[in-house]
Amino acid sequence: MPSRTWLPEGASAVACLTFDVDAETGILSVNAKAADHAMAISHQQFGPEIGVPRILDILANLHVRATFFFPGWVAERRPALVERIAEAGHEIGHHSYSHVPASSMTREEEEGDFVRALKVFEEIGVPIHGHRAGLWEASWSTPAIVAEHGLSYDSSLMTQDSPYRITTPHGSIIELPPHWSLDDWEQYAFLPFPEIGQHIKNPSDVLDMWIGEVDAMRRYGGLFMLTNHPFLTGRPSRAVALEQLIGHILDAGDVPILTGHELATHLAEVALPQRAHDKPEIEEGLFPAP
Ligand code: ZN
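Per chain, the residues get numbers from 1 upward, laid out in the order the sequence is written. Restriction of local features to residues with pLDDT of at least 70 applies here, the model being predicted, together with a cutoff of 80 or more for giving and counting side-chain atom pairs; totals for whole chains, interfaces and linings are based on all residues. The basis for every side-chain value is the complete set of non-hydrogen atoms in the structure, without hydrogens or water.

1. Notes on the pairing of strand 2 (residues 67-70)
Successive residues of a regular strand alternate their side chains across the two faces of the sheet. To keep things clear, this is the line we draw: Using a 1.4 Å probe on the protein chains alone, a residue whose accessible area is under 20% of its type maximum counts as buried, one over 50% counts as exposed, and one in between counts as partly exposed. Put simply, DSSP H or I for four residues or longer makes a helix, DSSP E for two residues or longer makes a strand, and each gets a number counted from the N terminus. Paired strands, as defined in this entry, are two strands with at least two bridges between them according to DSSP.
Where burial is concerned, the two faces of strand 2 agree: the one with Thr67 and Phe69 and the one with Phe68 and Phe70 are both buried. Bridge count between strand 1 (residues 14-20) and strand 2: three bridges; the pairing is parallel. Paired with Asp20 across the two strands is Phe69, which belongs to strand 2. With four bridges joining them, strand 2 and strand 3 (residues 91-94) adopt parallel strand pairing. Bridging from a neighbouring strand, Phe70 pairs with His94 of strand 3.

Here you go:
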């Protein structure tokens, strides 16, 4: 079982509030034909237009800081929004350029997409410390690319429910693991086309589940890595549930809310479990290859 020694003093768990501002790329990365569907595009535009400002208000009222992961494609089209978030004290994270799953790319394609996003953030003038793969679909090359370009952490992989270190030929990075159970996509994502999900769950039930996870994380000394999307959680009753969730975390008193960068900075001097990132060798013919 992972030790609790990674926790800041007095903490029983740590919470990171992360918002992936996928906007149009959330559906374009599934199917380029989504661009022909005005309703679907407008559904995604709600995220940066209405969802992000609403979430920023909630965070400001509760005096907590978060990490906003941007695909470079989205940041390039909305630099003022990126600046506004950064000026409010939040972290901007790297969420690929196109949001196309890295697992579907060659290493060269992935690195090209990665660097293209880095250039966008550099042009806007925001520092980048962390990366999250589009759809969490990191490849077997992703940690090495993240390390090679000088970022300190990734948040896409799930071997533990507390931070760990991934070693790569370009040095090590810290992994801040997310999980599907703490993602609003599996609760709220619904569109007839393209197929992104068929979920419109009751925010009260989602709040109940996430509060249960906060409390269980305190028992196990885990990382409560919340992954929300402004086009989903920005809707009214979901935003209110988010506010109540953050209130619960704050009331607990022993679950500091940190940005990914703040947590990675704390962990830089901490002994963590180390793992390599190697594709398992598969014996030919043993498993089906449809
Ligand atoms: Zn995303």
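2. Observations regarding the side chain of Asp20
The following threshold applies: N or O atoms closer than or at 3.5 Å make up a polar contact, with two conditions inside protein: a donor-capable atom paired with an acceptor-capable one, and, for residues adjacent in sequence, both atoms drawn from side chains. Whether two residues are in contact is decided by their heavy atoms, any of which lying within 4.5 Å being enough.
The residue Asp20 is located in strand 1 in this model. Of note is the side chain of Asp20, whose polar atom sits 2.8 Å from the side chain of Arg132. Residue contacts for Asp20: discarding those within four places in its chain leaves Phe69, His95, Arg132, Thr227, Asn228, His229 and Pro230.

3. Observations regarding the layout of surface pockets
A water-sized probe, rolled over the atoms, reveals where empty space remains. Applicable threshold: Lining residues are defined by having an atom within 4 Å of a point belonging to a cavity or pocket. Those points lie on a 1 Å grid over the protein atoms alone, cavities being sets where a 1.4 Å probe fits but cannot get out and pockets being open sets with protein on both sides within 12 Å along at least five of seven lines. Grid points are joined across faces, edges and corners, and a volume is the space filled by probe spheres set on the points. Here the term charged refers only to Asp, Glu, Lys and Arg, the term nonpolar to Ala, Val, Leu, Ile, Met, Phe, Trp, Tyr, Cys and Pro, and the term polar to all other amino acids, Gly among them.
Considered as a void within the structure, the largest pocket measures approximately 160 Å³ in volume. Lining the largest pocket are Arg65, Ala86, Gly89, His90, Glu91, Ile92, Val126, Pro127, His129, Thr259, His261 and Glu262. Elements with a minimum of two residues in the lining of the largest pocket: strand 3 and helix 11 (260-267). Of the residues in the lining of the largest pocket, the class split is four nonpolar, five polar and three charged.

4. A look at the coordination of the zinc ion
Quick reminder of the rule: Water is not part of the atom set, so a site may look incomplete; the donors themselves are N, O and S atoms within 2.8 Å of the metal, or 3.2 Å for Na, K and Ca. Under this scheme a four-donor centre is tetrahedral when all angles range from 85 to 135 degrees, a four-donor centre is square planar and a six-donor centre octahedral when opposite donors are above 155 degrees with the rest from 65 to 115, and any other centre is irregular.
Taken together, the protein ligands of the zinc ion are Asp22 (OD), Asp22 (OD), His95 (NE2) and His99 (NE2), with distances of 2.0 to 2.5 Å. Metal-centred angles of 55 to 145 degrees between the four donor atoms at the zinc ion mark the site as irregular. Read from N- to C-terminus, the donor residues coordinating the zinc ion fall into the pattern D-x72-H-x3-H. With Asp22 in the loop between strand 1 and helix 1 (25-28) and His95 in the loop between strand 3 and helix 5 (107-124), this pair connects stretches of sequence that are 73 residues apart. What makes Asp22 buried here is its relative accessible area of 1%. Look at His95 and you get buried, because its relative accessible area is 2%.

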